[in-house]
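Structural description and commentary
Chain by chain, the residues run as shown.
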Number of protein chains: 2
Amino acid sequence: MAADLGPLLAPRSVAVIGAAADPTKIRGRVLAQLLKGGFAGPIFPIHPSEATIQGLPAFARIDDVPGPVDLAIVAIPAERVPDAVAACAARGVKAALVLSSGFAEEGKAALQASLREASKGLLLAGPNSVGLLSTQAGVCATFSPAIDFEALRSMRARLAQGRRAVGVVSQSGGLGFALFNRGLARGLAFSFVVTTGNEVDVDSVAAADAMLDDPATGAVLMFMEGARDGARFAALAEKALDREKPLIVAKIGRSAAAARAAVSHTASLTGADAAYDAVFRRLGVLRADDQDEMLDLALAATLAPPARGRRIGVVTISGGVGGWMADALAAEGLEVPRFSPDLEAAIRTYLPSYGAAFNPIDVTAQALENDHRLRSVAALMDSEEIDQIVVVSSLANDPRLAAERDGLAALAGRRTKPLLVYSYPLPAASAVALLAGIGIPTFTSLRGCASAARGLAAVAAARAASVRRRAALAAPMARSSAPASLPAGPTRLTEHAAAPLLASRGIAMAPHLLARDLAGAVAAAAAIGYPVALKVQSPDIPHKTEAGGVALALADAGALRAAWHAMAARIARAAPQARVDGWLVQRMAPPGIEMIVGSLRDADFGPLVAVGTGGTLVEVLRDLQVWPAPLTLEEASALIAGLRGAPLLAGVRGAPAADSDALARLVVAIGALAADLAPRVASIDLNPVIVHASGLTVVDALIETS
Amino acid sequence: MAADLGPLLAPRSVAVIGAAADPTKIRGRVLAQLLKGGFAGPIFPIHPSEATIQGLPAFARIDDVPGPVDLAIVAIPAERVPDAVAACAARGVKAALVLSSGFAEEGKAALQASLREASKGLLLAGPNSVGLLSTQAGVCATFSPAIDFEALRSMRARLAQGRRAVGVVSQSGGLGFALFNRGLARGLAFSFVVTTGNEVDVDSVAAADAMLDDPATGAVLMFMEGARDGARFAALAEKALDREKPLIVAKIGRSAAAARAAVSHTASLTGADAAYDAVFRRLGVLRADDQDEMLDLALAATLAPPARGRRIGVVTISGGVGGWMADALAAEGLEVPRFSPDLEAAIRTYLPSYGAAFNPIDVTAQALENDHRLRSVAALMDSEEIDQIVVVSSLANDPRLAAERDGLAALAGRRTKPLLVYSYPLPAASAVALLAGIGIPTFTSLRGCASAARGLAAVAAARAASVRRRAALAAPMARSSAPASLPAGPTRLTEHAAAPLLASRGIAMAPHLLARDLAGAVAAAAAIGYPVALKVQSPDIPHKTEAGGVALALADAGALRAAWHAMAARIARAAPQARVDGWLVQRMAPPGIEMIVGSLRDADFGPLVAVGTGGTLVEVLRDLQVWPAPLTLEEASALIAGLRGAPLLAGVRGAPAADSDALARLVVAIGALAADLAPRVASIDLNPVIVHASGLTVVDALIETS
């Protein structure tokens, strides 16, 4: 899928167009940092007049360079960049990294278009990139002042020894190198930092994809404002999940999502951001809300083994801080379960009476003088009751750490479950390094540690669900042999028109007949049986209730006649231009729980299915869950269970439970329909769906096509 | 209220009982750190045999010390502590700080009791304290290795120049000094760190209270597991609010709150933690979820002026990071409003076309070479549209900061609104110090910066509300001249018995009569008028609906008879032992929105009032807001507006709006009743209350007394 980014990320030779002698100036710094980074291949400074620059022979033009050039770094005034890149392409240079700014980001779209044209035939990164760093290749192609070369060398050595590292992709160069700079301070190892700038050619998805192919990269940090191509992003995320390399994403726009001017209930209840959240959750993409959280997640993902679940065991030297950690873990949706009596008894054998053997295990401050901390970690490592272990301790000045190193290394070395350490005072750098060296990440933030555990659990859940999902979706699904035909052009199918399409997928609406006039309605009601509902059918009146176009529980012909006259008058007054297809007479559904089921089409990610608490509550509570379509029965059931209104289905105050399984099957069927007809169906609304103790009734439907 | 803690926090002379020569050992370190801390008064080492210790003349017993002793620091084996403290008390020593551990925290309750007895006559801090730090007095009375003496000296000098500092109170010594240690790294100044240990005498509230009296202390950080005396804590918080010195509290127990075995709906729906949240919100106490958040809040509270509101203007050099900040601010419940056309036009005059003049203002990376950042800050400082300013920038290597220092100092020096800076790369220490010196806090975390702005806004809102609240509660409130009498002992008042008490407060229930038997019920219904409801009245059946003890909408005597027979049979079967007071016949209420109103008594904070979405939803959604009683109409209205179900009251799908004002008045009346009868009334449940377009009907009531 991804183009080979080798010439960009692991070039064998590099030219610097715009090389300068003074390493204190930005342009001089690019060459100076390339030299300091330890790049082993030839470096060719390009300069119109100088013979040597920073001790290297310089060339006047790219054509003068004697050997092959994999990568040209371009740092010259913007207006000269297109010609220089064209010359590179002509010369057979494989990739260009344009650091120059002054293109679209300053409103110069035409100049950017000519650069795009000039770049045909080579890989182009940038323009307006702050550059890139490729640790293993020793390529430090950036003017960022954030590079610590000492740290870079030691990191390269650690990567060579098998330490897993994180790759960073960011359009914003400042942010990309800020992550690098902050991560170094946290003891994180980096395999790549790529700042993609204006993304004329190589974009964030392509860069991240290449990083996933690198064996040393164990996780990718990505900063995105939006996916320009949702399908490519989704494919990237699936690849990351398959390889157990978490994709950790900062996605801005939670608050900025402009309200859509959609007529659909479903669509107006979800922002575009909800689509990202749904896609992220399904694919195990970890969304982070600030840089610290990104780094905490990356630290856990690159040092700790994958988790199997979300049951956390806590071992603490301070009861108070241990309780605080339990709160933080619970706030992240994790469990801190009480241990079984057997496990608790086993722990009780060595703890003093004033320690706590339940979860959290309070080994007390005495554990700074005995082996209770290590024994407790061992007990949890051996237990099937716990998926991850969090140790709360003080690493400012830990007198036991050296003595426990080998024991901890043996436990962590099994790589059966993550072991995370939180230090409530700022930890000594030596303690952090000692633990990192044996595969144990240290956190300085309570929330950060809890968030990392949540991330590991989320990836585990997404991986397990993905396997089941593929198996489920591979099975043949119940569907009509021929998809029902849709009328041409954008239109609105009200319930009588939507019913045949739904029926083709096995979704039956409540018994109904379409009447042209009052006499027809009375005849229809007689055929269906009272009590009935009467509803106007018009593509111009999508919200019938608000327009006075719905009358319920009409007990006899008299009531039906009165309702019809009143309704016809209201409609004629309120919507005189509306094209009325007729009057739907529908059998009243038995009582049940009102829900809403539907689909909408996201601009980035395509069809999403939605399920929510229905009736008047849907607008009040906005209790709606969305998920990419198609989806499995398991996914549909999980969506329903995730609703705030889910207890209504289970039965409250002695009410019988409603048929959640039937609802889940309906959600699956709507998901399949939305996915199959995605190019045409913009949204489906079944509102309400009345879920009975056994089965359900679809009472209303609206389908929008495009 | 608080005892004078002067001898503890600002002693004029100090004795060290258990002083030792070797400063590398814990006991020796106490004296060594006291000496290094720069304490100006006399220090008396107490040692059974040595003549001098660490260069000071030593004394065998406290009685041998020549002059008066304000504070004795005690660091000897636990079993000898009570005698030593008794000797201090006899000698006239004013305060003792016991660092020794081995008391209640190790299960030795009897030893702690004898210490308590021995301490009569002096202030006792500890035992099991890690000690205390009092910057201005130069008292460093701790064995914590976290003290940076260089930093301490410079901090003392800054405090002398008027810099506002933060005080820290923590039972846990490790956590208290961890906050100190982390805060130093953030450039925070500390006036005190007091670790209270087992709190035999001086507790966290007393220590915090004394800190609020200190002019240099601008905020107090407190770590608490629970308030042992809610009223004292509330008084402390009110004092903090009055003095504009934010109280920043970490309170554990969000997740651990054991479900109460309460029969009341209201009580079972709120954990004890909800009481803390309500009290905290009312008093402007800032609750923090981890140490970093505590420090971020403290930094803003001690450096920035108070805020007036929650409208934030953002100035950013990076559009992407600015958007991310807007998301973070929105996540904290703050507003990032679009500017007025005038303000936008004024900003547009100097920005390049590719910058953004709305909010956030994107001054672009070009602002590192011009004055657009400073001009934008000035524009927002002058504007009435914005309450706080957040600048997003890179302080790793800011070429403009020195040039803008004076301009920023002049703007920040007005102290009209907070100016907060977030640096997305790790900032240079010199930049942080420069900004701190002119009253501008720097944040390294996006969420931390947003959280600090939220904290400032919350304090502003709480202060304003507090002023209005006092005025409102000072006004005479409508109440019965004589409080209604309650039956003695713990009991349950069902609706017929609760009605007179409610009526005495002007709360009328739906018209009803209590019948002893079927004939009485039929007569009552005839008097009231059909349709009616029939409900069993028994203190043993608090949940009538679940027990089958409620029949609604009985249209005539036949229906009433049938319902009575069926109900009597059900009750006889389901609750044969129940004492049945009679059968309530009640007029059916007109339709409306079902709500729940009630009160419960919190073990720590006394009576709380609650309002929530009613009917079956109350258990499903747990959509309940609580607030300390009594409360004002404004507070009641805010509680109602804060419900997720609030839109139901405003009217959905064309339904008329319900009378929210009547509901708010009912909430105020229940609050007053709960407060006035607090020693006796454990809980009140009005469930449901049906709110009509005009007025409301209280349909059911249950009062539990104790």
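The model shown is predicted, which means the values in this text are computed figures rather than measured ones.

1. Things to note about the side chain of Asp70 of chain A
With respect to the helices, strands and loops of the structure, Asp70 of chain A is situated in the loop between strand E4 (56-57) and strand E5 (71-74). If near-sequence neighbours (up to four positions away) are discounted, Asp70 of chain A is found in contact with Pro7, Pro11, Arg12, Ser13, Val93, Lys94 and Ala95 of chain A.

2. Let's talk about the relation of the copies chain B and chain A
Mapping between the two copies of the chain is achieved by a rotation about an axis and a shift along the axis. The two copies are related by a screw motion: chain B maps onto chain A through a turn of 180° and a shift of 0.0 Å along the axis, at an RMSD of 0.1 Å. Classification of the inter-copy transformation places it as that of a two-fold axis. Here 100% of the interface residues in chain B have copies in chain A that are interface residues too; the copies meet face to matching face.

3. Focus on the environment of Ala526 of chain A
All names here are of chain A. Mapping Ala526 onto the fold places it in helix H19 (residues 518-528). Accessibility expressed as a relative area gives 59% for Ala526, which makes it exposed. A sequence separation of 30 residues divides Ala526 from Asp556, and the C-alpha atoms of the two residues are 9.0 Å apart.

4. So, the packing of aromatic side chains
All names here are of chain A. Scanning the entire structure with this criterion turns up 18 aromatic pairs over all chains. Consider the rings of Tyr276 and Phe605, whose centres lie 4.8 Å apart with planes at 85°: the pair is edge-to-face. Here Tyr276 is found in helix H10 (residues 272-283), whereas its partner Phe605 is found in the loop between strand E25 (593-602) and strand E26 (606-613), with 329 residues between them in sequence. The same class applies to Tyr276 and to Phe605, which are both buried.

5. Comments concerning the confidence of the model for chain A
Residues and elements named next belong to chain A. On average, residues of chain A score 90 in pLDDT, and 94% of them reach the 70 mark or higher. Note on residues 256-271: pLDDT under 50 across the span, and 36 contacts to partners over four residues away in sequence or across chains. Contacts of residues 478-482 to residues separated by more than four positions or lying in other chains number five contacts, the stretch itself having pLDDT below 50. Model confidence for the complex: the whole-complex pTM is 0.88, and ipTM, which rates the interface, is 0.87.

6. What about unusual backbone geometry?
For the peptide bond that leads from Gly126 of chain A to Pro127 of chain A, omega is 5°, which places it in the cis range. Residue placement: Pro127 of chain A occurs in the loop between strand E7 (123-125) and strand E8 (131-134). With an omega dihedral of 0°, the bond running from Ala629 of chain B to Pro630 of chain B counts as a cis peptide bond. As for its position among the elements, Pro630 of chain B is in the loop between strand E27 (624-628) and helix H22 (633-641). The residue Thr364 of chain A is not glycine, and still its phi comes out positive at about 65°. Among the secondary structure elements, Thr364 of chain A is positioned in the loop between strand E16 (361-362) and helix H14 (372-382).

7. Some thoughts on the nonpolar core
One recurring pattern in soluble globular proteins is that nonpolar side chains are buried together. Formed by 305 residues in total, the largest nonpolar core has its most connected members in Ile73, Phe180, Phe233 and Leu247 of chain A together with Ile73, Phe233 and Leu247 of chain B. Look past the residues within four positions of Leu247 of chain B in its chain and what remains in contact with it is Val220, Met222, Phe233, Leu236, Ala237, Ala240, Gly284, Val285 and Leu286 of chain B.

8. Structural notes on the interface of chain B and chain A
Interface size is commonly expressed as the accessible area that is lost once the parts come together. Each partner contributes to the interface: chain B provides 62 residues, whereas chain A provides 62 residues. Of the roughly 4900 Å² buried where chain B meets chain A, counting both sides, 58% is carbon and sulfur surface. Counting across the chain B and chain A interface gives two salt bridges. Between Arg447 of chain B and Glu293 of chain A there is a salt bridge, with the nearest N and O atoms lying 3.9 Å from each other. Seen at the junction of chain B and chain A, the total is 18 residue pairs in polar contact (both at pLDDT 80 or more). Within the residue set of the side of chain B that touches chain A, elements represented by two or more residues are helix H6 (173-185), strand E13 (247-251), helix H11 (291-303), helix H12 (319-331), strand E18 (419-423), helix H17 (446-474), helix H21 (617-621) and helix H23 (646-650) of chain B. Among the elements that take part in the side of chain B that touches chain A, H12 of chain B stands out by supplying seven residues, more than any other. Here the side of chain B that touches chain A is composed, by residue class, of 27 nonpolar, 19 polar and 16 charged.

Basis of the calculations
In this numbering scheme, every chain counts its residues from 1 along its sequence in written order. As they are written, the chains are lettered A onward and the ligands numbered 1 onward, keeping that order. Residues qualify for local features only when their pLDDT is at least 70, as the model is predicted, and side-chain atom pairs are given and counted only at 80 or more; totals for whole chains, interfaces and linings, by contrast, use all residues. As a rule here, side-chain values cover all heavy atoms of the structure and leave hydrogens and water aside. Secondary structure elements are defined from DSSP: runs of H or I of at least 4 residues count as helices, runs of E of at least 2 residues count as strands, and each element is numbered from the N terminus. Residue contacts follow a heavy-atom distance rule, with two residues in contact if any of their heavy atoms lie within 4.5 Å. Superposition of the copies used a least-squares fit over C-alpha atoms from residues whose pLDDT is at least 70 in both. Exposure categories follow from relative accessible area, calculated using a 1.4 Å probe and restricted to protein chains: below 20% of the type maximum is buried, above 50% is exposed, and the middle band is partly exposed. For this analysis, a ring pair means two rings from Phe, Tyr or Trp (six-membered ring only for Trp) whose centres lie within 6.5 Å, classed as stacked if their planes differ by under 30 degrees, edge-to-face if by over 60, and tilted for the remaining angles. Confidence of the predictor at the level of single residues is given by pLDDT, which spans 0 to 100. In these notes, a set of buried Ala, Val, Leu, Ile, Met, Phe, Trp, Tyr and Cys residues joined through side-chain atoms within 4.5 Å is what counts as a nonpolar core. Buried area counts how much accessible surface, traced with a 1.4 Å probe, disappears from two parts once they are put together, with both parts' losses summed. Salt-bridge detection follows one rule: a side-chain nitrogen of Lys or Arg within 4 Å of a carboxyl oxygen of Asp or Glu. Within 3.5 Å is the distance limit for a polar contact, defined as a pair of N or O atoms, with the added protein rule that one can donate a hydrogen and the other accept it, and that residues adjacent in sequence qualify only through two side-chain atoms. For this classification, Asp, Glu, Lys and Arg are treated as charged, while Ala, Val, Leu, Ile, Met, Phe, Trp, Tyr, Cys and Pro are nonpolar and the rest, including Gly, are polar.

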